[in-house]
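What follows is the residue order along each chain.
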Amino acid sequence: GAPNVVEVNLFNNSIGDEGCIALADALAAPSSALRTLYLERNAIGDRGTALGTALDRNTALETLGLLGNEMTDTGRVALVNFAVRRLR
């Protein structure tokens, strides 16, 4: 990982679900210090909710931008549930 990276902007890079899943794996690493991740307009669908699993392990991330992706209400609710659990 890159423990000194605190912000990544991948706006409009078409990473899709597969790229999002790879990012989730990196975010879940204990050494991740990433505080801000912008993933707007990347064709991320419901499989991108793998980010939620990373949120369970990552305590550094404060901002996650996902506007303009392809998640359904089901995917969005799943991510919100992970975020709410994290706040408890």
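Please read these numbers as outputs of a predicted model, since none were measured by experiment.

Visitor: Got a sec to walk through the overall build of the protein? Specific residues and values, please.
Guide: Within the protein one finds three helices and three strands. Secondary structure elements of the protein occur, N-terminal to C-terminal, as β-α-β-α-β-α. Computed over its C-alpha atoms, the radius of gyration of the protein comes to 12 Å, within 12% of the 12 Å expected for a compact globule of 88 residues. Seen along its three principal axes, the alpha-carbon backbone of the protein occupies a region of about 30 × 30 × 20 Å. Relative to its full complement of 88 residues, the protein shows a buried share of 33%. Of the contacts formed within the protein by residues at least 6 apart in sequence, a portion of 88% connects residues at least 24 apart. When the accessible surface of the protein is summed, it comes to about 5300 Å², and 53% of that surface belongs to carbon and sulfur atoms.

Visitor: Quick one: what's the story with the nonpolar core, residue by residue and with numbers?
Guide: Residues L27, L37, L51 and L61 are the most contacted members of the largest nonpolar core, which totals 15 residues. Put simply, the parts of the chain that give this core at least two residues each are α1 (16-27), α2 (50-57) and α3 (73-87). Setting aside residues up to four positions removed in sequence, L27 forms contacts with S32, L34, L37, L51, A54, N58 and L61.

Visitor: Describe in detail the sheet that holds strand β1 (residues 7-9), supporting the description with residues and values.
Guide: Spatial strand order, β1-β2-β3: three strands in an open sheet with parallel pairing. The open sheet has two free edges, formed respectively by β1 and β3 (63-65), since each of these has just one partner strand. The mean inter-strand angle of the sheet, taken between neighbouring strand axes irrespective of direction, is 5°. Where strand β2 (residues 36-38) and β3 come together, three bridges link them in parallel fashion. Its bridge partner lying in β3, L37 is registered against L64.

Visitor: Any details on the environment of A33? Residues and values, ideally.
Guide: Mapped onto the elements, A33 comes out in the loop between α1 and β2. C-alpha of A33 to C-alpha of V6: the two residues are 27 residues apart in sequence and 5.8 Å apart in space.

Visitor: Got a sec to walk through α3? Specific residues and values, please.
Guide: If you check α3, its first and last C-alpha atoms are 21 Å apart, about what 15 residues at 1.5 Å a residue would give, namely 21 Å. Those residues of α3 lying buried are G75, L79 and F82. With its buried residues spanning 55° around the axis, α3 presents them on a single face. For α3, the exposed residues lying more than 90 degrees away from the buried face are D73, T74 and L87.

So, how was this worked out
- Residues numbered from 1 in each chain as written.
- Predicted model: local features only at pLDDT ≥ 70, side-chain atom pairs only at ≥ 80, totals over all residues.
- Heavy atoms only, no water.
- Helix = DSSP H or I, 4+ residues; strand = E, 2+ residues; numbered from the N terminus.
- Rg over C-alpha atoms; globule rule 2.2 N^0.38 Å.
- Buried < 20%, exposed > 50% of the residue type's maximum accessible area, 1.4 Å probe, protein only.
- Contact = heavy atoms within 4.5 Å.
- Areas by Shrake-Rupley, 256 points an atom, 1.4 Å probe, with all protein chains shown as cover.
- Core = buried A, V, L, I, M, F, W, Y, C linked by side-chain atoms within 4.5 Å.
- Pairing = 2+ DSSP bridges.
- Axes fitted to C-alpha atoms, helices over the stretch in contact; angles between N-to-C directions.
- Expected span 1.5 Å × (residues − 1).
- Arc of directions from axis to C-beta.

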